[in-house]
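An overview of the molecular structure
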Amino acid sequence: MTDSKYFTTNKKGEIFELKAELNNEKKEKRKEAVKKVIAAMTVGKDVSSLFPDVVNCMQTDNLELKKLVYLYLMNYAKSQPDMAIMAVNSFVKVVANAVAALSEISESHPNSNLLDLNPQNINKLLTALNECTEWGQIFILDCLSNYNPKDDREAQSICERVTPRLSHANSAVVLSAVKVLMKFLELLPKDSDYYNMLLKKLAPPLVTLLSGEPEVQYVALRNINLIVQKRPEILKQEIKVFFVKYNDPIYVKLEKLDIMIRLASQANIAQVLAELKEYATEVDVDFVRKAVRAIGRCAIKVEQSAERCVSTLLDLIQTKVNYVVQEAIVVIRDIFRKYPNKYESIIATLCENLDSLDEPDARAAMIWIVGEYAERIDNADELLESFLEGFHDESTQVQLTLLTAIVKLFLKKPSETQELVQQVLSLATQDSDNPDLRDRGYIYWRLLSTDPVTAKEVVLSEKPLISEETDLIEPTLLDELICHIGSLASVYHKPPNAFVEGSHGIHRKHLPIHHGSTDAGDSPVGTTTATNLEQPQVIPSQGDLLGDLLNLDLGPPVNVPQVSSMQMGAVDLLGGGLDSLLGSDLGGGIGGSPAVGQSFIPSSVPATFAPSPTPAVVSSGLNDLFELSTGIGMAPGGYVAPKAVWLPAVKAKGLEISGTFTHRQGHIYMEMNFTNKALQHMTDFAIQFNKNSFGVIPSTPLAIHTPLMPNQSIEVSLPLNTLGPVMKMEPLNNLQVAVKNNIDVFYFSCLIPLNVLFVEDGKMERQVFLATWKDIPNENELQFQIKECHLNADTVSSKLQNNNVYTIAKRNVEGQDMLYQSLKLTNGIWILAELRIQPGNPNYTYHGKTWRRHCRPQISKPSSQQRSPRSPRWSTFSLQCLPHPLSLKCRAPEVSQYIYQVYDSILKN
């Protein structure tokens, strides 16, 4: 039956019945009733009295019913606008839900452009903001925070309309509004009246958040911690709000304490110290330790308060509470490092508590103080000797500090402490199993025995002052976290991709840049490229890659002797795969020769280790099927992979490294861009590679001779060779890298495109090629594909030859072009290939075979007159890149997978 039935009824009392049906509990009944209302409206009956009942039907998931209700509303909105206003809230709720859904889709698909944030749409969202529910307001505010105003006037206009949300009762709405305002503050002129007024308006709502439940307080405090680091002036007058209450949970107390220190200044330091001294008498041990530590941070941050802080710490030491005393001594050590030769008068008081120290941090701090000021302590040798009695029972931290302190004492009082220094050096180098301790002991021993004057200059050199704020979040990361205020990222103080699974493809957020400096697109925290995100994650331990940093050669330049490949202990590239296949080793093993080039190469060392070019081969000039030039190619236009971000700034304290690899004129290069996105300059760069599958190491030092200033970039071309130690990696072309500068040591990994490892003498002699190809068995096949490559045979041959893949022969069989090719890797592995090209067909067939030449005479199966006593043995594979499969015949399939990837990349770029 059709809907025409709704137009045939003509009963009296119909309105009353419709009203009852519209409020029926059953969805189908309500739907039928709305259809009857629409029918009555269509024939001209007045059903406006049913307006409230029809509007109630809007709260449904049924799309057909919603359309009917909208039709009713559109009709009566014109004639009865007062009644239509009743439906506004329901529509606004729809707007908020739509914004939430579109925002989520846009974040996961950044290139979709589903949510077009332009001034017109922003104005509509701001209008809907006033009518939304509290959660709807949050969705809209989060959406607004993703908008970049075109100028400061537009930013101010948006801020004015968002500011009323600061007084909302829901704390989540308040934090979302704060996020929008913090972001748009970046665009406002700092000297404007509105800017200063907005800063004042931000303080009260943040303070109000601290009157809620402890859990809400904690979330608010974590967000305030970020805000204070970015703009401390907002809450500089509100420090009392962060004074700890007796009934605060410990997690709230610790967070308040941290913010107090960040807000401490010369104006309020007296109040802060009085509070901290009170906290140091609490019963909670962790809180007391944090309070004592906070006193030391105040001394370092506010120089005028240092003397008062030291006095407060001495008062705490007099309490004789063990954990208070020990924490105070650790803090005083840091104060000595900040203000050397200023508070030595308190050392005697510290020494009185020597026997009560039982924690490694406190013992190490006390030993450092005695060693640093040994010339002013009459019995310094006795004090240090008392620690030496239980040397092997001490922690590594204490042992290292004690070793250095006794060497300092010896350099200051050599005649009195010669026996003591010999004792500690013997304990460190002969009786200890700790490599760090042994390394440091040997260095000190050699320094003292060869050049005491230099030893004194090194060990007793003037030390840099410690930083005022060592726990601040790195600026680029802080800017990103400000964009996530009110979310879990602002509580964890980590970007979302650090803890949300599946968020690695989402664009990173950043604060806008004030116009007049740089464009908003040149953000200091750009989006991470997909190439970078696909790099294998490698975070080796410091010992794995660096050894002891004391082994760094920072002395005068040293000439590194060139080592030939025959001197190196050869290693199995595939972890047993090829060696077992070939039936012999290559003269070495994993424990062969020592690593070459595996210590850091500082920029002060000259370039002495450059790869030598390969000699040319003269053409034989034969005129047969294989007649092609046999000269060694130069690969003038080899494929270069696009640069990828290898080390993002947020993971390296502001240092960003992007790069790629190239092969030019017989040499391999690592092309890198170093960008400083931190607030301090960077110097003393050095680089080191971990062992890798192909023995790749730097040939020369990292050539960055001038300081890298903030916001500055520099391009570096680092020559590489393949004479280093070999270890199979996963994936095979993975390279683990460590870069050191004056700030820290950073680790990253990247993938070496295998084509840069193709050598120039990879063109096989024609008769050997034919004999070898016929010798290959037809089992063990794998399959790959190369698709959509619109090149003819000559172009393919030329592109591959530019990458040291040489065509030995070309012929046409049944309309197909057949290319027979060979290439050779830097480690001696040969690959033989047959590439089938159907003219007009963008899909290729590829057959390949691989073999490796032995380093000593050994013949397994002489099969032709071309094989000499130094001929290779063969492992084989066949690759087809078709609409049909690419077939692989090989007992070492690891290599073929990467050769296929190289073919695919070269032919499609």
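Note that this is a predicted model, so its numbers are computed, not measured.

**Quick word on the pairing of strand S7 (residues 713-721)**
Across eight bridges, the pairing between strand S4 (residues 667-676) and S7 is antiparallel. Directly across from Glu-671, in S7, lies its bridge partner Ser-717.

**Some remarks on the sheet that holds strand S3 (residues 655-664)**
Read across the open sheet, the five strands follow the order S2-S3-S4-S7-S6; overall the sheet is antiparallel. Both outer strands of the open sheet, strand S2 (644-647) and strand S6 (697-698), are each paired with one neighbouring strand and no more.

**Overview of a negative patch on the surface**
Taken together, the side chains of Glu-382, Glu-385, Glu-389 and Glu-419 make up a negatively charged region of the molecular surface. Among the structural elements, Glu-419 can be located in helix H22 (residues 418-429). What makes Glu-419 exposed here is its relative accessible area of 67%.

**As for the packing of aromatic side chains**
One pass over the structure, following the stated rule, counts nine aromatic pairs. Centre to centre, the rings of Phe-674 and Phe-685 are 5.6 Å apart; their planes meet at 80 degrees, and the pair counts as edge-to-face. On the criterion of sequence distance, the pair formed by Phe-674 in strand S4 and Phe-685 in the loop between S4 and strand S5 (686-689) is long-range, its members being eleven residues apart. Grouping aromatic residues by their ring pairs yields a cluster made of Trp-646, Phe-661 and Phe-748. Lying over the aromatic face of Phe-287, Lys-253 brings its terminal NZ or CZ to 5.3 Å of the ring centre.

**Focus: the pairing of strand S9 (residues 745-751)**
Where burial is concerned, most of S9 is hidden: five out of the seven residues are buried. Of the pairings in the sheet, the one linking strand S8 (residues 734-740) to S9 comprises seven bridges and is antiparallel in character. Across the sheet, the residue bridging to Asn-734 is Leu-751, located in S9. Taking the residues that link successive antiparallel strands as the turn, the S8-S9 hairpin has four residues.

**Considerations on helix H13 (residues 250-263)**
In a regular helix each residue adds 1.5 Å, so 14 residues correspond to 20 Å; H13 covers 20 Å between its end C-alpha atoms and thus fits that length. Looking at the packing, one finds that the buried side of H13 touches helix H12 (214-230), helix H14 (269-279) and helix H15 (285-301).

**A closer look at the pattern of salt bridges**
This structure, assessed with the given rule, holds 30 salt bridges. Between Lys-463 and Glu-372 there is a salt bridge; the shortest N-O distance is 3.7 Å. Of the two residues, Lys-463 is situated in the loop between helix H24 (452-459) and helix H25 (475-482) and Glu-372 in helix H19 (residues 360-372); the sequence distance between them amounts to 91 residues. When its relative accessible area of 36% is taken as the criterion, Lys-463 is described as partly exposed. Overlapping salt bridges bring together Glu-186, Lys-230, Arg-231 and Asp-479 as one network.

**Comments concerning the confidence of the model for the chain**
Taken over all residues, the pLDDT of the chain has a mean of 76, while the share at 70 or more is 74%. Counted against residues more than four places away or in other chains, residues 601-635, with its pLDDT under 50, gives 86 contacts. Below a pLDDT of 50 lies the segment residues 853-891, which in the model reaches 144 contacts outside its immediate sequence neighbourhood of four places, other chains included.

**Description of the nonpolar core**
With 145 residues, the main nonpolar core has Leu-276 and Phe-336 as its most contacted residues. The residues contacting Phe-336, other than those within four sequence positions of it, are Tyr-343, Glu-344, Ile-346, Ile-347, Leu-350, Trp-368, Ile-369 and Tyr-373. Core analysis: the next-biggest nonpolar cluster, separate from the first, contains 60 residues, Ile-657, Ile-668, Ala-833 and Val-895 among them.

**Some words on unusual backbone geometry**
Glycine aside, negative phi is the norm for most residues, and most peptide bonds take the trans geometry. The step from Glu-730 to Pro-731 runs through a cis peptide bond, and the omega angle for that step is 0 degrees. Tracing the chain through its elements places Pro-731 in the loop between S7 and S8. Backbone geometry places Asn-341, a non-glycine residue, at a positive phi of 60 degrees. Structurally, the position occupied by Asn-341 is in the loop between helix H17 (322-338) and helix H18 (347-351). Of note, His-493 is a non-glycine position whose phi angle comes to about 60 degrees, a positive value. Here His-493 shows up in the loop between helix H26 (488-492) and helix H27 (530-533).

What counts, and where the lines are drawn
Residues numbered from 1 in each chain as written. Predicted model: local features only at pLDDT ≥ 70, side-chain atom pairs only at ≥ 80, totals over all residues. Heavy atoms only, no water. Pairing = 2+ DSSP bridges. Helix = DSSP H or I, 4+ residues; strand = E, 2+ residues; numbered from the N terminus. Patch = residues over 30% accessible without salt bridge, like charges linked within 9 Å, V, L, I, M, F, W, Y side chains within 5 Å. Areas by Shrake-Rupley, 256 points an atom, 1.4 Å probe, with all protein chains shown as cover. Salt bridge = Lys/Arg side-chain N within 4 Å of Asp/Glu carboxyl O. Lys, Arg positive; Asp, Glu negative; His and termini not counted. Charge placed at Lys NZ, Arg CZ, Asp CG, Glu CD. Buried < 20%, exposed > 50% of the residue type's maximum accessible area, 1.4 Å probe, protein only. Phe/Tyr/Trp six-rings, centres within 6.5 Å; stacked < 30°, edge-to-face > 60°. Lys NZ or Arg CZ within 6 Å of the ring centre and 35° of its normal. Expected span 1.5 Å × (residues − 1). Contact = heavy atoms within 4.5 Å. pLDDT = per-residue confidence, 0-100. Core = buried A, V, L, I, M, F, W, Y, C linked by side-chain atoms within 4.5 Å.

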